[in-house]
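Each chain is listed here by its residues.
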Amino acid sequence: MEESSSSGTRSGAQRPKMKEKEPEKSVKKRNKEEEEEEEEEIFDFTKKSQEEDEDEEDEDASDSEDSVFSGLEDSGSDEDEEEEELSDDEDEEEVDLRVEPRHTQQVETGTVKKTEKEEEEKKKEKTETDEVEGGATEEAKREDEYVHDSSDEEDIRNTVGNVPMEWYRDFPHIGYNLDGKKIYKPIRNKDELDDFLDKMENPDYWRTVPDKQTGSDVVLSDEQVQLVNRLQRGQFGDANFNEYEPQVEFFSRDVMLHPVTNRPADKRSFIPSLIEKEKVSKLVHAIKMGWIKPRRVEDDSRGRYYDLWANEDSSILARHKMHLPAPKIPLPGHQESYNPPPEYLFTDEERAMWEQQDPCDRKLPFVPRKFSSLRQVPAFSRFIHERFERCLDLYLCPRQRKMRVNVNPEDLIPKLPKPKDLQPFPTTQSLVYRGHSGLVRSISVSPSGQWLASGSDDGSVRFWEVCSSRCLRTVQVGGAVKSLAWNPNLSVCLLAVALDSVVLVLSPSLADRQVVLSSERLLSAPQEAEPNEGAGPVTWSETEGEELTQGIRLKIQHPKAVQQVTWHAKGDYLASVMPDHSSHMQVLIHQLSRRRSQNPFRKNKGLVQCVSFHPVRPYFFVGTQRSVRIYNLVKQEMTKKLQANSKWISSMAVHPGGDHVICGSYDCRLSWFDLDLSTKPYKMLRHHKKAVRGVAYHRLYPLFASASDDGAVIVCHGTVYNDLLQNPLLVPVKVLRGHDITADLGVLDVTFHPTQPWVFSSGADATVRLFT
Amino acid sequence: MGGLQKKKYERGSATNYITRNKARKKLSLSLPDFRRLCILKGIYPHEPKHKKKVNKGSTAPRTFYLLKDIRFLLHEPIVGKFREYKVFVRKLKKAYGKTEWSSVERLKENKPVYKLDHIIKERYPSFIDALRDIDDALCMCFLFSTFARTGKCHVQTIQLCRRLTVEWMNYVIASRALKKVFISIKGIYYQAEAMGQLITWLVPYQFSHDHPTDVDYRVMATFTEFYTTLLGFINFRLYHSLNLLYPPKLDVKAESELKEENDDDYAMNSESYLEKLSALSASLARVVSTAEEEEAELDQFPVEGEDMANMEAREREQKQEEAQKKLFEGLKFFLNREVPRESLAFLIRCFGGEVSWDKSVCIGSTYEVTDETITHQIVDRPNIDKQYINRYYIQPQWVYDCVNAKIILPVEDYFLGVTLPPHLSPFVEEKDGDYVPPEKLKIMALQRGEKPAHEQEDEEEEEDDDEEEEEEEEEEEEDNEEGEDDEEAEEKNLKKMEEQRSQGKSLTVKVTAGKVKVENPARLEQEEKAEEKRLAIMMMKKKEKYLYDKIMFGKKRKVREANKLAAKRKAHDDAEKSKKKARK
């Protein structure tokens, strides 16, 4: 019997017995047994006899083998796993399982003799009752029931076993019942007609199925038909079975009350692991060495604010003295308004100009715009740019403390004595001497102050009466007059005129008879000395005829063009300048009384521009292009060289005291030298806008004047103190204008009246003017 | 004889400066890190006096830092953090490359971070120093708070900026510190006075930004990092100076009101709290709840004579300020949805007004449009359908102009659909000689308390007045011209006389009775003075002359510009007038 049953389902074979033996044993145990069987199979125990099996079952109670192959470590076929899962599940719900066996028992006892139909119904009921439990357990139970019910009941009817029924085809019986009596086939001679009639009449025909084992017809109940239908459709047999039950996790994070196994803990579980120890020590070492940093404590102080300046100490303050705070952004003006006054908006021209300009040259970085209401104002497209540029300025721009010149411009103007207090000086133009037709290059006032001589490019020398501006005489000299000079000696009345390469000495006889006579005497005196000097470069000759009647008395023929003549204060010596780069003979000094000429210099020291005698001492001033040299005529050596700091000296005048010199230059400057002070100019005056042509000192008053191409004569007050410690005080007192500028030439010469604070100027407009 | 030869560039200014590259190497930082360090520490380059000397003879353009500054940087703990960060990045990269996720995690947990507190303390040793330098910080934070939360910088930064700016605005409201405000084409300028420091900041209009590509956002972010820290500490201190709770809390009363209304609109309480704060409609909670702040009165010191006048002036100023603080007190405003809510709410609350808006615009509205007690409704649209009788409908510029003028201006010029008067900058302070726009004159007259002539009614009269004025001006001009004419005539006479004189010699000499010249002594004196000055200028030294010329040039340019503006205005007015006439 047992053997035959075991050929059915494996578990089915043992379960009934087991239940009979220990009905209270849990399903878990049963499963364990199955596992054991499995293991046995694996370990080739399959050939062992059933007895052994039974023995093992007895041993099961101790669970000794079980602990070895705990569920966790086991790995078998899929089926095994399923079963394991089952067992675990049941483990979880042990309380439920306590109830469950009773159920099964009931089924066993009550329905042993019931038909299959009833059995099916029972099964259904049971499933219904067990629905609360998980689907998996339900399945397992159903399997169990089926197993012991079917095997026993079928055997009750027919004991032939599981043999093909064809074997009984030829017999009248189909098997044997429990008592060993034959079970006869139902007398069935159903032919086609009966079958047909049955089909027609019997409403249950379609659900009538012949049972092969008993040979009787079985009418299927509705449930069974439904079951068949469902199976045909490939559905689950149980109508109430939910395929989509929520999944139940078998392993959960909850610590279970009971251990999975009852096995005592291993020894190794009490001994610390060497491998782990090694790992830990490595980590500890790494932490010790700082290779691994322990997890940072979350620092919540970041982003928390507190009173940072609770205690201000001055020590840090001192360190930051050098720090320059960044300048603030300039505040916006009316132009930036969204609705500016109309005058701040750009006109078309301004806008065009703004667009043309380079962005860095623009006065405003934006175009002013007007919006009629606030809602129309758009976003400013360069906002981020501007902020970024500000950032760049803050960290890339060098900062400097610019001392803002917050100067009142009035304070810059030097405090000078008022010109009013420095009177007298010429203030207004009072007379104009007209008559020349060319530009008047040179003028000179007689030492008496009564006469004025002027030489012009039209080839004439005119003599004017100062007070009335009348031209008394006109002397045609036949050439453009470069320079002329009255003899400063009061007792003679002579005029030296330089034109071309000749120096003429005129006796205009515009004085007392006494004076005229004395000058005649001077001119005629040196007759006897003439033979001494024949080989010289200069020839002296007396004039005759026409020229004599005009008053020209002496002609001193020079080898080159003469630029300037000047008298010594005593009136006997006369110096003439012949500028020439190449020659050493640029300056000649003539002695009138002895009609003698000499060249004082052996060497060429630069282009000579002008010369002058010292008014009292035997000094001689030679103005070259860049400097003024002072020679001692007695010792015959150079005593000083004044650096004019200008490009090209044009004119020079010596103070009547002899300690000061002024130089005018073509680069618009006037330099005042104090000979006691330095060889550098004491003061440079840049009054004039154009080249300075002439400078002059007043003989008596502390005045000096400069004439320039810009058409102005500037009169300055230059007080020279007797006290050597006090420097001269220079104050410009008057700008005199009157001359017209013709052909870029303005005032060409300037000279003071010897006694009055009057100044004469001659200009390119062919006039001579007197300012008083 | 003689010692060692002195080598060049081993002493003097060459050793005081260091080029940027050398400095970078000395600190062993990459250029971006160096840049960041300079920004955080406020180190800027220096321009040496003799560049060539410092540059060791080369004239190549280089940036120089003071060696002292760089030495100072060497001791900065943040430099170490930068290096740590560099190492961190390297390690992280390695871990990623090896796909060691656990170590990536561990590294990320230990990411080096730095704090800027000590730097702020160091850069601004006293609170006033910090407050003085807050302009840029505010501008930057306001800009960052308007950024969209996309990519350009960390979202946290944006949120932090927003929080700090809201805190700042709440402080300004609480202390009533706002002084001036100006709507420019760039944004809105505000000026407040906190602890005696004038602080100006610029808030961009609420539009999304068109992010330019040629801007280095890293630099901006570094600045913002510093500025947020600075602003946080300053806010803390300022709040405490007013006895306010620092992480600002709304007043209990206000809070409960707000809660009732808007509980369901916002998801989280924490989320909506900042919104409620930024609505600027509720007052803040105080540490010690004082009912009314006692206003400190100026003590009277016995003074004499000249100081007395000063004192009085100061007192008057003080009074005026107090009045300005209460400018909108008692007025109730309602903002329509098209006006910039935040700016106007800020302004109105700063000057004591009550303000509300539509509930759908923002959280925190306190009353509805239908409230009968509303005195002014601010509207920025040509017309409005439903108007209430007992309130003014005005354009937003009125509020701004009132604040700048420090008085409540007449509302007529700001009604709906009316052409607004120009909005003038309150930051321009005209000195004598500068051009003053006529609108400013008008406002100044109002401030003095003069009644403006009713323009609409007396327009014609006004025109007449204008014409009269013009005539007067013309007359004046004529006067001037006459004066010039006089001079010219004199000169002509003189010339004629001269000519006569010079020619008189040859011609018949005649004596005519001369006219007595009337000399204006004042003018003569003036001329004399002018000449004196001219002569004195001639005697100036070269350096001073240069300076003087420069100053004078600047002055002349100023005058020229003022004249140009005046001429433009006149031309504009004339054009307008003629247009009006043509329309008539």
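In this report, the structure presented in the accompanying data block is examined. (Residues numbered from 1 in each chain as written. Chains lettered and ligands numbered in written order. Predicted model: local features only at pLDDT ≥ 70, side-chain atom pairs only at ≥ 80, totals over all residues. Heavy atoms only, no water.)

Glancing now at the overall build of chain B. Secondary structure assignment for chain B yields 21 helices and nine strands. Of all 584 residues assigned to chain B, the portion counted as buried reaches 41%. In chain B, 61% of the contacts between residues at least 6 apart in sequence involve partners at least 24 apart. (Helix = DSSP H or I, 4+ residues; strand = E, 2+ residues; numbered from the N terminus. Buried < 20%, exposed > 50% of the residue type's maximum accessible area, 1.4 Å probe, protein only. Contact = heavy atoms within 4.5 Å.)

Here we come to the interface of chain A and chain B. The interface is formed by 98 residues belonging to chain A together with 119 residues belonging to chain B. With both chains or domains summed, chain A and chain B bury close to 9,400 Å², and 62% of this area falls on carbon and sulfur atoms. Between the two partners, chain A and chain B, sit 14 salt bridges. Between A:Lys420 and B:Glu528 there is a salt bridge whose closest N-O contact spans 3.1 Å. At the junction of chain A with chain B, the criterion picks out 35 residue pairs in polar contact (both at pLDDT 80 or more). Elements with a contribution of two residues or more to the side of chain A that touches chain B: helix 13 (314-319), helix 15 (383-396), helix 16 (409-412), strand 5 (429-434), strand 26 (683-685) and strand 30 (729-737) of chain A. Sorting elements by how many residues they give to the side of chain A that touches chain B places helix 15 of chain A first, with 11 residues. A per-class count over the side of chain A that touches chain B returns 53 nonpolar, 18 polar and 27 charged. (Buried area = accessible area lost by both parts, 1.4 Å probe. Salt bridge = Lys/Arg side-chain N within 4 Å of Asp/Glu carboxyl O. Polar contact = N/O pair within 3.5 Å; in protein donor to acceptor, adjacent residues only side chain to side chain. Nonpolar A, V, L, I, M, F, W, Y, C, P; charged D, E, K, R; others polar.)

Below, the discussion takes up the packing of aromatic side chains. Inspection of the entire model under this criterion finds 45 aromatic pairs over all chains. Between the aromatic rings of B:Trp168 and B:Trp201, the centroid separation amounts to 5.6 Å while the plane-to-plane angle is 80 degrees, which identifies the pairing as edge-to-face. Here B:Trp201 lies in strand 5 (residues 197-204) and B:Trp168 lies in helix 11 (residues 155-175), a separation of 33 residues in the sequence. The class for B:Trp168 is buried, based on a relative accessible area of 0%. Through successive ring pairs, a cluster of aromatic residues spans A:Tyr305, A:Tyr306, B:Phe142, B:Trp168, B:Tyr171, B:Tyr190, B:Trp201, B:Phe233, B:Phe236, B:Tyr239, B:Tyr246 and B:Phe346. (Phe/Tyr/Trp six-rings, centres within 6.5 Å; stacked < 30°, edge-to-face > 60°.)

What follows deals with empty space enclosed by the protein. Within the structure shown, the criterion is met by seven cavities of 30 Å³ or more. Forming the boundary of the largest cavity are 18 residues, of which A:Leu394, A:Arg399, B:Arg123, B:Phe223 and B:Tyr227 lie nearest the centre. If you list the elements that add at least two residues to the lining of the largest cavity, you get helix 15 of chain A together with helix 3 (31-41) and helix 12 (217-241) of chain B. Ranked by residue count, the leading element in the lining of the largest cavity is helix 12 of chain B, at three residues. Among the residues making up the lining of the largest cavity, the classes are represented as 12 nonpolar, two polar and four charged. (1 Å grid on protein atoms, 1.4 Å probe; cavity = no way out; pocket = protein on both sides within 12 Å on 5 of 7 lines; lining within 4 Å. Points joined across faces, edges and corners; volume = space filled by probe spheres on them.)

An order of 27-28-29-30 (chain A) is seen for the four strands of this open sheet, with the pairing classed as antiparallel. What marks the edges here is a single partner per strand, and that holds for strand 27 (692-697) and strand 30 of chain A. Put simply, the sheet's adjacent strands are angled 20 degrees from each other on average, direction ignored. Inspection of the sheet shows strand 29 (residues 712-719) of chain A paired to strand 30 of chain A by eight bridges, in the antiparallel sense. Residue pairing across strands places A:Ala712 opposite A:Arg737, the latter belonging to strand 30 of chain A. Helix 20 (residues 521-538) of chain B contacts strand 29 and strand 30 of chain A of the sheet and is inclined by roughly 125 degrees relative to strand 30 of chain A. (Pairing = 2+ DSSP bridges. Axes fitted to C-alpha atoms, helices over the stretch in contact; angles between N-to-C directions.)

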